[in-house]
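Examination of the molecular architecture
Next come the chains, spelled out residue by residue.
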Amino acid sequence: YEDPLDLMDEIDALKKEKDATLLAHFYIEGNIQEIADFTGDSLKLARDAVKVETSTIVFSGVHFMAESTKILSPEKTVLLPDMHAGCSLADSCQYGDLLQFQEKLRAEGRDFETVAYINTTAKVKSLCDWIVTSGNAREIIDRVPEGKEILFVPDQHLGRYLQEVTGRKMILWPGSCMVHEIFSVQDLLRAKKNNPGSIVLAHPECPHRILEVSDFIGGTEKLRQYVMSIKEPGTFLVATEANMIHPLHKSAPQHTFLPVPGIMSSTGETCACNRCPHMALNTLQKVRDCLKYGKPEIEWQPYFDKAKEVLERSLLQ
Ligand code: 13P
């Protein structure tokens, strides 16, 4: 056992010694967010990363995030505390399957562009025309010419939601996020009933059955902005990865935030199903070790060149 406070001091010292900047996604444990130089949603972190001046970036998040950072900043050393920190959405869309499906659509004479959620591998990104995050999806979809069909991969729930808000018809890939997929409408409705006046916040990766009983839908940064805009203390039920409560509470401490389903599981205890097991591989020990030993490192791959064009056009222009 190592004391978290000692580890936090050690990480602070190593950041200086190794000329490193620490980025942490809002779904990472609170202690790591506390010592990160930048925290944020996928879009903000991708943009912050290109402004970093140190020679090394430690990305406390999941593989596709560190990979995108390396692609946008090839000259940097990009470290990911645990190489096994993957993503169920990225896993649900494999390069060969997407290529085959695109070829089938082309053979049918369909005129389409492929829009990928950033939660994909770089190899998949290299097959796509646009990359979106929950934070910029609407504006990117508006950039797809009107006459074209949209193939949206891999999140069917986000895609369905975007169809609704943009009015654009999409061909949806059947992927979903293991964390958002698992919320129970019944638990959510019980929590709402037991907390009269509470406001339900949901990430658009949630299935339709959850979104239709939610009061506010948005990516993680949008959720943070929303709770900050409400000055009167309130109770919010949070239908996304439970670590999100850390930045919400920090930004708007006047409110009470309850995870969904969390406290409402049938045993009455907090349930761990609203935690992303991949994000959870990021521990203080692993952040310290990757700074200390300079690995695991994201290595440049030949298909990064094509993915770079798509990422730059979509996120930086
Ligand atoms: P945002 O932080 O962009 O809302 O995305 C959440 C997510 O899917 C992280 O994997």
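Residues numbered from 1 in each chain as written. Predicted model: local features only at pLDDT ≥ 70, side-chain atom pairs only at ≥ 80, totals over all residues. Heavy atoms only, no water.

Brief notes about the overall build of the protein
When helices and strands are tallied, the protein shows 15 helices and 12 strands. Here the protein has a C-alpha radius of gyration of 20 Å; the compact-globule value for 317 residues is 20 Å, and the two agree. C-alpha extents for the protein along the principal axes are approximately 60 × 50 × 35 Å. At a minimum sequence separation of 6, the contacts of the protein that also span at least 24 residues come to 62%. Of the roughly 13,700 Å² of accessible surface on the protein, 50% is carried by carbon and sulfur atoms. Taken together, the 35 basic and 45 acidic charged side chains of the protein have centroids lying 3 Å from each other. (Helix = DSSP H or I, 4+ residues; strand = E, 2+ residues; numbered from the N terminus. Rg over C-alpha atoms; globule rule 2.2 N^0.38 Å. Contact = heavy atoms within 4.5 Å. Areas by Shrake-Rupley, 256 points an atom, 1.4 Å probe, with all protein chains shown as cover. Lys, Arg positive; Asp, Glu negative; His and termini not counted. Charge placed at Lys NZ, Arg CZ, Asp CG, Glu CD.)

Considering the sheet that holds strand 10 (residues 216–217)
An order of 10-9-11-12 is seen for the 4 strands of this open sheet, with the pairing classed as parallel. Pairing within the sheet leaves two strands with one partner each, and these edge strands are strand 10 and strand 12 (256–259). Inspection of the sheet shows strand 9 (residues 199–202) paired to strand 10 by 2 bridges, in the parallel sense. Counted as the bridge partner of leucine 201 is phenylalanine 216 from strand 10. (Pairing = 2+ DSSP bridges.)

Focus: the site of the ligand
As a matter of local geometry, the ligand sits amid 14 residues, with His25, Ser134, His203, Glu205 and Thr220 nearest to it. Take serine 42: an N or O atom from its side chain is 3.0 Å from an oxygen atom of the ligand. One of the side-chain nitrogen or oxygen atoms of glutamate 205 is found 2.6 Å away from an oxygen atom of the ligand. Calculation on the ligand without its partners gives an accessible area of 300 Å², and the protein chains cover 96% of this total. Its residues assigned to classes, the shell around the ligand shows 5 nonpolar, 7 polar and 2 charged. (Near = heavy atom within 4 Å. Polar contact = N/O pair within 3.5 Å; in protein donor to acceptor, adjacent residues only side chain to side chain. Nonpolar A, V, L, I, M, F, W, Y, C, P; charged D, E, K, R; others polar.)

A short note on the domain arrangement of the protein
Splitting the protein by domain gives domain 1 (4–85 + 279–300), domain 2 (90–176) and domain 3 (180–274). Taken over C-alpha atoms, the centre of domain 2 sits 27 Å from the centre of domain 3. Between domain 2 and domain 3, the residue contacts involve 10 residues of the former and 11 residues of the latter. Both sides of the domain 2 and domain 3 interface together cover about 810 Å² of buried area, and 52% of this is carbon and sulfur. Run the count over domain 2 and domain 3 and you get 0 salt bridges. In this structure, the connection of domain 2 to domain 3 is made through 5 residue pairs in polar contact (both at pLDDT 80 or more). Among the elements that take part in the side of domain 2 that touches domain 3, helix 9 (residues 156–166) stands out by supplying 5 residues, more than any other. (Domains from an automatic or database assignment. Buried area = accessible area lost by both parts, 1.4 Å probe. Salt bridge = Lys/Arg side-chain N within 4 Å of Asp/Glu carboxyl O.)

A look at the environment of alanine 242
Along the chain, alanine 242 falls in the loop between strand 11 (235–239) and helix 13 (245–251). For alanine 242, a relative accessible area of 8% translates into the label buried. Measuring from C-alpha to C-alpha, the distance between alanine 242 and leucine 258 comes to 8.7 Å, with 16 residues separating the pair along the chain. Excluding residues that lie within four positions of it along the chain, alanine 242 makes contacts with Pro259, Asn274 and Arg275. (Buried < 20%, exposed > 50% of the residue type's maximum accessible area, 1.4 Å probe, protein only.)

Some thoughts on helix 10 (residues 185–194)
Where helix 10 is concerned, the buried positions are Asp187, Leu188 and Ala191. Down the axis of helix 10, the smallest arc covering the buried residues is 100°, so these residues share one side. Structural note: helix 10 exposes Gln186 and Lys193 on the side pointing more than 90 degrees away from its buried face. Check the buried side of helix 10 and you find it contacts strand 9, helix 11 (208–211) and strand 11. Measuring from the backbone nitrogen of glutamine 186 back to the side-chain oxygen at the start of helix 10 gives 3.3 Å, which picks out serine 184 as the cap. (Arc of directions from axis to C-beta.)

So, the nonpolar core
One finds Leu22, Leu98, Phe152, Leu162, Leu201, Leu248 and Phe257 to be the most contacted residues of the largest nonpolar core, which totals 104 residues. The residues contacting leucine 98, other than those within four sequence positions of it, are Cys93, Val124, Leu127, Cys128, Leu151, Val153 and Trp173. (Core = buried A, V, L, I, M, F, W, Y, C linked by side-chain atoms within 4.5 Å.)

A short note on the side chain of asparagine 195
If you trace the backbone, asparagine 195 turns up in the loop between helix 10 and strand 9. Reaching out from asparagine 195, the side chain makes a polar contact with the backbone oxygen of alanine 191 at a distance of 2.8 Å. Other than its neighbours up to four places away in sequence, asparagine 195 contacts Thr235, Leu237 and Leu258.

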